[in-house]
Amino acid sequence: MSVSNFVLPRIDPIAISIGPLDIRWYGLMYLLGFAFALWMANRQCDKSNGIWTREQASDLLFYGFMGVILGGRAGYVFFYQFPLFLDNPLYLFRIWEGGMSFHGGVLGVVTAIVFYARRNNRSILSVGDFIVPLLPVGLGAGRIGNFLNSELWGRVTDSPFGIIFQNAGPLPRHPSQLYEFALEGVLLFIILILFIRKTRPAGSVAGLFLLAYGVFRFIVEFAREPDAHLGLLSMGLSMGQLLSLPMIFAGTALITYAYSAKAKVQPQAVNVKQPKAKKNKAKKNAAKKS
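From a predicted model like this one, the values you see are computed outputs, not experimental measurements.

Caption draft 1: Geometry of the environment of A74. Here A74 shows up in helix α2 (residues 54–80). Exposure remark for A74: the relative accessible area of 22% places this residue in the partly exposed category. The spatial distance from the C-alpha of A74 to the C-alpha of G99 is 9.3 Å, given a sequence separation of 25 residues.

Okay, here's the thing in structure tokens:
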């Protein structure tokens, strides 16, 4: 008995129109991801006993968001469209034509973390540990945006779970965007949230993020259609898999370093003052002794 595959209807790429302003699905997913990250960051600040303030978290998220945008665009151009860049270097700035790379976004966020940490005299590893649990929900939202836009679809499959993307031909394909949503978004978020419930060595949370994302992305790439102009590269791997390998190695190395160094997170207290009651008690004791 044959199984008919679901045909994804053509969805208007514009989610909301407000006068002359058109908000596309992908942009809306970015906004939702950023809003969730800000909400979660504020919660972490409120529970940090003054180690983090909401203003500090807001500044960090701004740098991180800029790192995602600038790094994501640069990564897409240099990793996936380098010949176009050589022909026309201004292609780097033609953001309206689309094209973002997650791995480039990671490099952008790492740059933002280093910049913020040095500017505010904080530990780079601790800043990284603070920000990475905020990322998976945004990643998952972005994959939903890819699915609604019928882009970055999977390879052809005879599985009953295959979906026919009308702009990808008549054959059913893996909904790899949904696989990535489940792994890079939902599962990765759960793993990180459970992991940070206890105090961990500095750098271990960031390392776990790099390791887990790299593994999940490497696996999903077997079901994802390679970029048409690149195809499969060395050892039959896709560009996404080759770029995920350094993340896996870096995550493993960071976790190993964190636990071998026993680098427990050292709170950087903000305006910690001795309570007045203790001061008064200390003065009374000194007076008695004299």
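Caption draft 2: Local environment of the packing of aromatic side chains. Across all of its chains, the model carries 18 aromatic pairs by this definition. Both rings, one in F36 and one in F189, keep their centres 5.9 Å apart while their planes meet at 70 degrees; by these two values the pair is edge-to-face. Here F36 is found in helix α1 (residues 25–46), whereas its partner F189 is found in helix α7 (residues 176–195), with 153 residues between them in sequence. The class of F36 is partly exposed, set by a relative accessible area of 24%. Judged by its relative accessible area of 22%, F189 falls in the partly exposed class. In this structure, R122 packs its charged tip against the face of W52, placed 4.0 Å from the ring centre.

Caption draft 3: Quick look at empty space enclosed by the protein. Applying the stated criterion across every chain yields a total of one cavity of 30 Å³ or more. What the largest cavity holds in volume is close to 60 Å³. Split into classes, the residues belonging to the lining of the largest cavity amount to four nonpolar, three polar and five charged.

How each quantity is defined
Residues numbered from 1 in each chain as written. Predicted model: local features only at pLDDT ≥ 70, side-chain atom pairs only at ≥ 80, totals over all residues. Heavy atoms only, no water. Helix = DSSP H or I, 4+ residues; strand = E, 2+ residues; numbered from the N terminus. Buried < 20%, exposed > 50% of the residue type's maximum accessible area, 1.4 Å probe, protein only. Phe/Tyr/Trp six-rings, centres within 6.5 Å; stacked < 30°, edge-to-face > 60°. Lys NZ or Arg CZ within 6 Å of the ring centre and 35° of its normal. 1 Å grid on protein atoms, 1.4 Å probe; cavity = no way out; pocket = protein on both sides within 12 Å on 5 of 7 lines; lining within 4 Å. Points joined across faces, edges and corners; volume = space filled by probe spheres on them. Nonpolar A, V, L, I, M, F, W, Y, C, P; charged D, E, K, R; others polar.

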